[in-house]
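Architecture and fold: a report
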Amino acid sequence: MCSFPNLPEYCQISPENSMESSPKQRNSILIVEDNPNNIGVLFNLLIEKGFQVRVARDGESCLDKVNYDAPDLILLDVMMPGMDGFETCARLKANPTWAEIPVIFMTALSETVDKLRGLQLGAVDYITKPFEQQEILARVQLHLQLYNLTQRLKKEIGDRKAAQTALKQLNQDLEQRITERTTTLEKTVLDLQNAHRALLAREQQLQHNALHDSLTGLPNRTWLLTRLSQLIKTTQHHPQHCYAILFIDLDRFKVLNDSLGHLVGDELLKQVAQRLQTCLPDNATLVRWGGDEFIVLLEPIDSEEDAIAIAATILDRITIPFQLRSYQIHTGASIGITSSIHRYQQPQAVLRDADVAMYHAKHAGRGCYVVLTPEMQRLALSRLQLENELREGLARQEFVLHYQPIVSLSTGKLYGFEALIRWYHPKRGLVSPIKFIPIAEETGLIHDLGEWVLQEAIQQLQQWHRQSPQSQGLMMSINLSPLQLMQENLVEKIEFLLRKAQIKGEQIKLEVTESCLLEARSSETQVLERIKALGMQICIDDFGTGYSAFSRLHEFPVDTLKIDKSFIRRLRQDQRSGPTIQTIITLAHGLQMDAIAEGIETPEERQKLQDMGCEWGQGYLFATPLDSSQASEWIFND
Ligand code: C2E
Ligand code: MG
Ligand code: MG
């Protein structure tokens, strides 16, 4: 008989044929039996096979031991004192913690009724006494295995469920993150789209600004040049696609702008732009060329007649007065027209020709239109050529001064010379100053040219001074362009030249035109004052031809009035200019000035002028303009 009560609670022996290794391998068995013999047999058998074995002698103690440490299998005797096996089994199964522990009944009873009852109570098997050791072992191992498998399966199911739950949670988290990220991305995309839209709008605005005038909102010159380039290409391939240009220049705008101020000027330009738009058909584009110049591009057109009709409408409507603040403003326009019939290759040529035609319209008296003709083109071209040659001529020193004597009408004695410029052109021969001075003035070349004249004339006077004592008191008259009067350092330059040549200011007389004086602003009047301060004299040239400056004459420091040769010529033809000449001479004397008559060609003229009290005379009667050596002879022979 086995002394099992001294055994430890569990005997730590591995089962011989244990199932596959598992960390939670179950092999603890609780034997519930009151018969010591049976206990001994079972205990030894199971211990030997490596199970952990405990023993309980009745139902009560079985429940205690299970409660203390649940076994993996219970071998439960049916017939026991106190609580029998069925009752014990029923209690075990009633407790959810123990309900799954496999219970194998051990009974001597072999009736089916008991077996059934045991199974109904939840037992897994039966062992019938007396024990068959192999059977016990087989059943114990089987049920432990089943129990193990069941537990493992349950755990696996549990794990899977947990995994599924975790997965679900993970999915939810992921979905949430995706939703959040999607929202962020959508917002970013929206922001980007907005930024892109703003950029596009800015780009379009910049592009618009580059091609439009900021004041009127009309297309500008860049737009027009680009469009004309395209049109020129188109007409080269499709000559029937014709276009025309109307170059519109507002008359009197500069005067209005200066007198009413730039704000009113701007307002007027805007209103003009609006008015012009109302005159235009669908095939027209109005362009602001700059300042008070507008251009209408017409395309396609059937003929130049289309452009002429529009020009007539514009001229008609532009004369309707503009109401600006409290001012009623009257204006007009001069329009130059050209078209693709001239087979242009360059946009600049189209605009140049339209400008040329406009220039002719202005000269024709303003308020009209002029259509470009080949003759106008030729003239403009030769003018352009002359302009270039003038530059070259200046560089190549092709200019000389001639000197026309000015004499005393009473004594015939030499008073001085007027320096008159001449251009010896290598191909054209002698070119008159009447032809090139206006071009020099328009191009600004007059500054260099005028400076050269001053220097040359003063040097000539110095040379004569050196050569003969007779020349000491001679006067040198030098023509001055109105533009030279605006030159900043004109007085300083003359002063320098005089000092260098050791010539006194008193020997120089500067000739300025009448209109130049009339338009003189305070700065130019100041220049005249400074010229006077240097001792020089001032003469009004061609007096009587401009808008007479009678009323303002006393405002300027003038010494001499030079009566224009047209009056002298008329004196030859009829007698009517006599009183006019007399009035001019009287006026000069009244203002403490003297008078010179230019263009005297006959002794009669001389006599009449002398009789009228004119001090000095100049003209072919005495001498034509002479080159420097001829003029020198004149001095010596005087
Ligand atoms: P202007 O200053 O009135 O010069 C007088 C013009 O009358 C000169 O013409 C002269 O040759 C011409 N003349 C002189 N006597 C007679 C005459 O008896 N009968 C006729 N029919 N004409 C006579 P020119 O030299 O051709 O000069 C023309 C104009 O060119 C000048 O008129 C002057 O305005 C301008 N000019 C000439 N030289 C210069 C210059 O150095 N600077 C500037 N700014 N202008 C100049
Ligand atoms: Mg003159
Ligand atoms: Mg003159």
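Structure's up top.
Here the structure is a predicted model, which is why all the values come from computation and not from measurement.

**Details of the packing of aromatic side chains**
For the structure shown, the criterion picks out nine aromatic pairs. For the ring pair F105 and Y126, a centre distance of 5.6 Å and an interplane angle of 35 degrees mean the geometry is tilted. Residue F105 is located in strand 4 (residues 103–107), and its partner Y126 is located in strand 5 (residues 125–128); the two are separated by 21 residues in the primary sequence. Under the relative-accessibility criterion, Y126 is labelled buried at 7%. Feature note: the residues F86, F105 and Y126 constitute an aromatic cluster, connected by ring pairs. Here the guanidinium or amino end of R221 rests over the ring plane of W289, the centre of that ring lying 4.1 Å away. Here the basic side chain of R275 rests over the ring of F322, its NZ or CZ set 3.9 Å away from the ring centre.

**What to know about the layout of surface pockets**
Empty space among the atoms becomes visible once a probe the size of a water molecule is rolled across them. In this structure, the largest pocket spans a volume of roughly 1,200 Å³. Across the lining of the largest pocket, the residue classes break down as 18 nonpolar, 13 polar and twelve charged.

**Examining the site of ligand 1**
Neighbouring residues of ligand 1: 22 residues in total, closest Q404, R422, D541, E601 and Y620. Separating an oxygen atom of ligand 1 from a side-chain N or O atom of R422 is a distance of 2.8 Å. Relative to its unbound accessible area of 780 Å², ligand 1 is 84% covered by the protein chains. One can see that ligand 1 is located within the largest pocket. Of all the elements in the fold, those that place two or more residues in the shell around ligand 1 are strand 14 (414–425), helix 12 (433–443) and strand 18 (537–543). Looking at the shell around ligand 1 element by element, the count peaks at four residues for strand 14. Tallied by class, residues from the shell around ligand 1 come to nine nonpolar, five polar and eight charged.

**So, the sheet that holds strand 12 (residues 369–371)**
One open sheet accounts for five strands, arranged 7-8-6-11-12; its pairing is mixed. The sheet is open, and its two edges are formed by strand 7 (284–290) and strand 12, each paired on a single side. When the angles between neighbouring strand axes are averaged without regard to direction, this sheet yields 20 degrees. Where strand 6 (residues 242–251) and strand 11 (residues 332–339) come together, eight bridges link them in antiparallel fashion.

**Thoughts on empty space enclosed by the protein**
Inspection of every chain in the model, using the stated rule, returns one cavity of 30 Å³ or more. Its boundaries defined by the atoms lining it, the largest cavity holds a volume of some 30 Å³. Every element with two or more residues in the lining of the largest cavity is listed here: helix 7 (253–260) and helix 8 (262–278). A per-element tally of the lining of the largest cavity places helix 7 first, with four residues. Here the lining of the largest cavity is built from residues that sort into seven nonpolar, two polar and no charged.

**Topic: helix 6 (residues 221–237)**
In an α-helix there are 3.6 residues to a turn, and that puts residues three or four apart on one side. Under the 1.5 Å per step criterion, the end-to-end length of helix 6 is 25 Å for 17 residues, consistent within 8% with the ideal 24 Å. Turning to helix 6, its buried residues number three or more, namely L224, L228, L231, I232 and T235. Taken around the axis of helix 6, the buried residues stretch over an arc of 105 degrees, which confines them to a single face. Exposed residues pointing more than 90 degrees away from the buried face of helix 6 are listed as K233 and H237. Residues of helix 6 that are buried sit in contact with strand 6, strand 7, strand 8 (293–301) and helix 10 (347–363). For helix 6, the N-terminal cap is N220; the gap from its side-chain oxygen to the backbone nitrogen of T222 is 3.2 Å.

**Topic: helix 3 (residues 85–94)**
Turning to helix 3, its buried residues number three or more, namely G85, F86, T88, C89, L92 and K93. Taken around the axis of helix 3, the buried residues stretch over an arc of 160 degrees, which confines them to a single face. Sitting at the amino-terminal end of helix 3 is D84, which places a side-chain oxygen 3.3 Å from the backbone nitrogen of F86.

**Some details on the coordination of the magnesium ion (ligand 2)**
Donor atoms from the polypeptide that coordinate the magnesium ion (ligand 2) comprise E418 (OE), N479 (OD1), E511 (OE) and D541 (OD), at 2.1 to 2.2 Å from the metal. In primary-sequence terms, the residues that donate to the magnesium ion (ligand 2) follow E-x60-N-x31-E-x29-D. Here the magnesium ion (ligand 2) and the magnesium ion (ligand 3) are spaced 3.9 Å apart, and both take D541 as a donor. Of this pair, E418 sits in strand 14 while N479 sits in strand 16 (residues 475–479); the two residues are 61 residues apart in sequence, bridging distant segments of the chain. Using a relative accessible area of 3% as the deciding quantity, one classes E418 as buried.

**Thoughts on the coordination of the magnesium ion (ligand 3)**
All of the protein donors around the magnesium ion (ligand 3) are D541 (OD), D542 (OD), E598 (OE) and E598 (OE); their distances to the metal are 2.0 to 2.5 Å. When the donors of the magnesium ion (ligand 3) are listed by position in the chain, the intervening gaps give D-D-x55-E.

**Topic: the sheet that holds strand 3 (residues 73–77)**
The strand order 2-1-3-4-5 describes an open sheet built from five strands, whose pairing is parallel. Either end of the sheet is taken by a strand with one partner, and the two such strands are strand 2 (52–56) and strand 5. This sheet shows a mean twist of 20 degrees between the axes of neighbouring strands, independent of strand direction. The strands touched by helix 1 (residues 36–48) within the sheet are strand 1 (28–32), strand 2, strand 3 and strand 4, with strand 2 carrying the most contacts at an inclination of about 165 degrees. The strands touched by helix 3 within the sheet are strand 3, strand 4 and strand 5, with strand 4 carrying the most contacts at an inclination of about 175 degrees.

**What about the state of the cysteines?**
Here the structure, examined in full by the defined rule, presents zero disulfides. Cysteine C368 remains unbridged, with the sulfur of C279 as its closest cysteine sulfur at 17 Å. Left without a disulfide partner, C614 is nearest to the cysteine sulfur of C539, which lies 11 Å away.

**Topic: the pattern of salt bridges**
Tallied over the full model, the rule gives 28 salt bridges. Across the salt bridge formed by E511 and K562, the nearest N and O atoms sit 2.6 Å from each other. A residue pair is termed long-range when its members are at least 10 positions apart, and E511 in strand 17 (residues 508–513) and K562 in strand 19 (residues 560–563) qualify at 51 residues. On the basis of relative accessibility, which here comes to 0%, the residue K562 falls in the buried class. Across the salt bridge formed by D559 and K532, the nearest N and O atoms sit 2.7 Å from each other. One end of the pair, D559, is in the loop between strand 18 and strand 19; the other, K532, is in helix 17 (residues 522–533), and 27 residues separate them in sequence. Taken together, the shared-partner salt bridges connect E418, E511, K562 and E598 into one network.

Rules used throughout
Residues numbered from 1 in each chain as written. Chains lettered and ligands numbered in written order. Predicted model: local features only at pLDDT ≥ 70, side-chain atom pairs only at ≥ 80, totals over all residues. Heavy atoms only, no water. Phe/Tyr/Trp six-rings, centres within 6.5 Å; stacked < 30°, edge-to-face > 60°. Helix = DSSP H or I, 4+ residues; strand = E, 2+ residues; numbered from the N terminus. Buried < 20%, exposed > 50% of the residue type's maximum accessible area, 1.4 Å probe, protein only. Lys NZ or Arg CZ within 6 Å of the ring centre and 35° of its normal. 1 Å grid on protein atoms, 1.4 Å probe; cavity = no way out; pocket = protein on both sides within 12 Å on 5 of 7 lines; lining within 4 Å. Points joined across faces, edges and corners; volume = space filled by probe spheres on them. Nonpolar A, V, L, I, M, F, W, Y, C, P; charged D, E, K, R; others polar. Near = heavy atom within 4 Å. Polar contact = N/O pair within 3.5 Å; in protein donor to acceptor, adjacent residues only side chain to side chain. Areas by Shrake-Rupley, 256 points an atom, 1.4 Å probe, with all protein chains shown as cover. Sits in = over half its atoms within 2 Å of the grid points. Pairing = 2+ DSSP bridges. Axes fitted to C-alpha atoms, helices over the stretch in contact; angles between N-to-C directions. Expected span 1.5 Å × (residues − 1). Arc of directions from axis to C-beta. Contact = heavy atoms within 4.5 Å. Donors = N, O, S within 2.8 Å, 3.2 Å for Na, K, Ca; no water. Disulfide = S-S within 2.5 Å. Salt bridge = Lys/Arg side-chain N within 4 Å of Asp/Glu carboxyl O.

Just distances and angles here, no functional claims.
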